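Observations on the three-dimensional arrangement
Chain by chain, the residues:
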Amino acid sequence: MLVILDILVFVVLLFLLYILIFRYKAPWVPAWKNDLERVSNMVEIEDNKTLLDLGCGNGRIIFYLAKKYPQANFVGIE
């Protein structure tokens, strides 16, 4: 009886792991306000250049950089 219970618990845990990994992929994690200035210091943005943000989420970083550097082009792809 204990072996059957162990197998059942294992199957349930395996199913939950499957759902977490393959169903939901990666979680959405928004950028913190405190990190926006730090990110803008890490990238070198020149006039008339295009910055591409893959996996931009709600576009918080792109909007921040677009306001700070209006001479550049920004594209966000989710």
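Computed from a predicted model, the values in this text were never measured in an experiment.

1. Notes on the layout of surface pockets
- Roughly 170 Å³ of volume is contained in the largest pocket.
- Forming the boundary of the largest pocket are 14 residues, of which Val29, Ala31, Gly55, Cys56 and Gly57 lie nearest the centre.
- The dominant element in the lining of the largest pocket, judged by the number of residues it contributes, is helix 3 (residues 60-68), at three residues.
- Residue composition of the lining of the largest pocket, by class: seven nonpolar, four polar and three charged.

2. What to know about the packing of helix 2 (residues 33-42) against helix 3
- One can describe the packing of helix 2 onto helix 3 by two numbers: an axis separation of 10 Å at closest approach and a directional angle of 55°. Of the possible angle classes, the one that applies to helix 2 and helix 3 is oblique. Relative to helix 3, the crossing made by helix 2 is right-handed. Across the interface between the two elements, Lys33, Leu36, Glu37, Val39 and Ser40 of helix 2 pack against Arg60, Ile61, Tyr64, Leu65 and Lys68 of helix 3.
- Here the residues of the contact of helix 2 with helix 3 sort into five nonpolar, one polar and four charged.

3. Remarks on the pattern of salt bridges
- In the structure shown here, the tally under the stated rule is two salt bridges.
- The shortest N-O distance in the salt bridge between Asp35 and Arg38 comes to 2.9 Å. Here Asp35 and its partner Arg38 are both found in helix 2, three residues apart, which amounts to about one turn of the helix.
- Overall, the relative accessible area of 24% leaves Asp35 in the partly exposed class.

4. Points about the pairing of strand 2 (residues 73-77)
- As paired strands, strand 1 (residues 50-54) and strand 2 are joined by five bridges and run parallel to one another. The partner of Asp53 across the bridge, within strand 2, is Gly76.
- Regarding the hand of the β-α-β motif, the stretch spanning strand 1, helix 3 and strand 2 is right-handed.

5. Some words on unusual backbone geometry
- You will see that Asn48, though not glycine, has its phi angle at about 60°, which is positive.
- Assignment of secondary structure puts Asn48 in the loop between helix 2 and strand 1.
- Under the relative-accessibility criterion, Asn48 is labelled exposed at 66%.

Reading the values: rules and limits
Residues numbered from 1 in each chain as written. Predicted model: local features only at pLDDT ≥ 70, side-chain atom pairs only at ≥ 80, totals over all residues. Heavy atoms only, no water. 1 Å grid on protein atoms, 1.4 Å probe; cavity = no way out; pocket = protein on both sides within 12 Å on 5 of 7 lines; lining within 4 Å. Points joined across faces, edges and corners; volume = space filled by probe spheres on them. Helix = DSSP H or I, 4+ residues; strand = E, 2+ residues; numbered from the N terminus. Nonpolar A, V, L, I, M, F, W, Y, C, P; charged D, E, K, R; others polar. Axes fitted to C-alpha atoms, helices over the stretch in contact; angles between N-to-C directions. Parallel < 35°, antiparallel > 145°, perpendicular 65-115°, else oblique. Left-handed = near helix turned anticlockwise from the far one by under 90°. Contact = heavy atoms within 4.5 Å. Salt bridge = Lys/Arg side-chain N within 4 Å of Asp/Glu carboxyl O. Buried < 20%, exposed > 50% of the residue type's maximum accessible area, 1.4 Å probe, protein only. Pairing = 2+ DSSP bridges. Right-handed = clockwise from strand over helix to strand, strands pointing away.

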